[in-house]
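Working through the structure, step by step
Okay, here's what each chain looks like letter by letter:
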Amino acid sequence: MKELNATGFITNRSRQIAASCLVNELQLDWRYGAAYFEQQLIDYDVAANWGNWQYIAGVGVDPRGGRHFNLAKQTQQYDPHGEYIAKWQGNEHCDAQLDDLDAADWPV
Ligand SMILES: Cc1cc2nc3c(=O)[nH]c(=O)nc-3n(C[C@H](O)[C@H](O)[C@H](O)COP(=O)(O)OP(=O)(O)OC[C@H]3O[C@@H](n4cnc5c(N)ncnc54)[C@H](O)[C@@H]3O)c2cc1C
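Residues numbered from 1 in each chain as written. Predicted model: local features only at pLDDT ≥ 70, side-chain atom pairs only at ≥ 80, totals over all residues. Heavy atoms only, no water.

Turning next to the site of the ligand. Residues in close proximity to the ligand total 14 residues, the closest being Asn-12, Arg-15, Asp-43, Asp-45 and Asn-52. The side chain of Asn-12 places a nitrogen or oxygen atom 2.8 Å from an oxygen atom of the ligand. Asp-43 places a main-chain nitrogen or oxygen 2.7 Å from a nitrogen atom of the ligand. Going through the elements one at a time, α2 (12–25) and α4 (46–57) are the ones with two or more residues in the shell around the ligand. Ranked by residue count, the leading element in the shell around the ligand is α4, at four residues. Residues of the shell around the ligand, tallied by class, amount to six nonpolar, five polar and three charged. (Near = heavy atom within 4 Å. Polar contact = N/O pair within 3.5 Å; in protein donor to acceptor, adjacent residues only side chain to side chain. Helix = DSSP H or I, 4+ residues; strand = E, 2+ residues; numbered from the N terminus. Nonpolar A, V, L, I, M, F, W, Y, C, P; charged D, E, K, R; others polar.)

Moving on, we get to α4. Relative to the 16 Å expected for 12 residues at 1.5 Å per residue, α4 spans 16 Å between its end C-alpha atoms, a close match to the ideal helical length. Among the residues of α4, those classed as buried are Asn-49, Trp-53, Ile-56 and Ala-57. For α4, the buried positions fall inside an angular range of 95° around the axis, keeping them on one side. Structurally, α4 contributes buried residues whose contacts are with α2 and α3 (30–40). Capping the start of α4, Asp-45 holds a side-chain oxygen 3.2 Å from the backbone nitrogen of Ala-47, two or three residues further along. Directly beyond the C-terminal end of α4, a positive phi value near 75° is found at Gly-58. (Expected span 1.5 Å × (residues − 1). Buried < 20%, exposed > 50% of the residue type's maximum accessible area, 1.4 Å probe, protein only. Arc of directions from axis to C-beta. Contact = heavy atoms within 4.5 Å.)

Turning our attention to the pattern of salt bridges. One pass over the full model with this rule turns up two salt bridges. Notably, a salt bridge pairs Arg-15 with Asp-43, separated by 3.1 Å at the nearest N-O pair. With a gap of 28 residues between them, Arg-15 in helix α2 and Asp-43 in the loop between α3 and α4 connect regions that are remote in the sequence. A salt bridge links Arg-31 to Asp-29; the nearest nitrogen and oxygen atoms lie 2.7 Å apart. Grouping residues by exposure puts Arg-31 and Asp-29 together as buried. (Salt bridge = Lys/Arg side-chain N within 4 Å of Asp/Glu carboxyl O.)

Next up on the list: the UniProt feature "binding site: FAD" (unreviewed entry) in the protein chain. As annotated in UniProt, the feature "binding site: FAD" (unreviewed entry) corresponds to Asp-43, Tyr-44 and Asp-45 in the numbering used here. Checked against the lining of the second largest pocket, the annotated residues reduce to Asp-43, Tyr-44 and Asp-45. Among residues more than four places away in sequence, those in contact with Asp-43 are Phe-9 and Arg-15. In this structure the side chain of Asp-43 is engaged in a polar contact, spanning 3.1 Å, whose partner is the side chain of Arg-15. Dropping the residues within four chain positions of it, Tyr-44 is found in contact with Glu-38, Asn-49 and Trp-50. A polar contact of 3.4 Å, which involves the side chain of Tyr-44, links it to the side chain of Glu-38. (UniProt positions renumbered as here; feature names shortened; annotations may be inferred. 1 Å grid on protein atoms, 1.4 Å probe; cavity = no way out; pocket = protein on both sides within 12 Å on 5 of 7 lines; lining within 4 Å.)

Here's what the structure looks like:
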């Protein structure tokens, strides 16, 4: 997320992992993540963004259900020496207060 905030871009792999983490580990409403990506991405595209978030959350026209990326396995496969995590301080403790609004509270 620090890379996204600093540059307006992250790779497809990072987008998938960030989305899976928000939906599964943080148990947040996927639409908050999609709205945040919409605000930050320099290549924002309504169909690619919202469609990919639906795909990760398992709420789109996809019979397989949601995707839960194994963070340890992804790190081992794509960042085995921890260079990406170190560059973007991805191992720092985060004290962010997470919102627990549910779908009924989503602003329309
Ligand atoms: C949660 C999430 C949100 C995303 N939001 C956007 C967005 O707002 N705008 C956007 O353009 N892409 C989005 N993508 C798709 C993808 O991440 C980007 O298109 C890709 O990172 C662009 O990098 P690249 O040009 O190196 O792609 P490459 O991996 O080199 O792929 C070549 C081209 O294929 C297309 N493409 C690749 N992967 C996808 C994909 N998963 N879905 C759709 N098209 C793809 C892109 O046009 C890309 O330029 C999103 C993916 C996820 C998982």
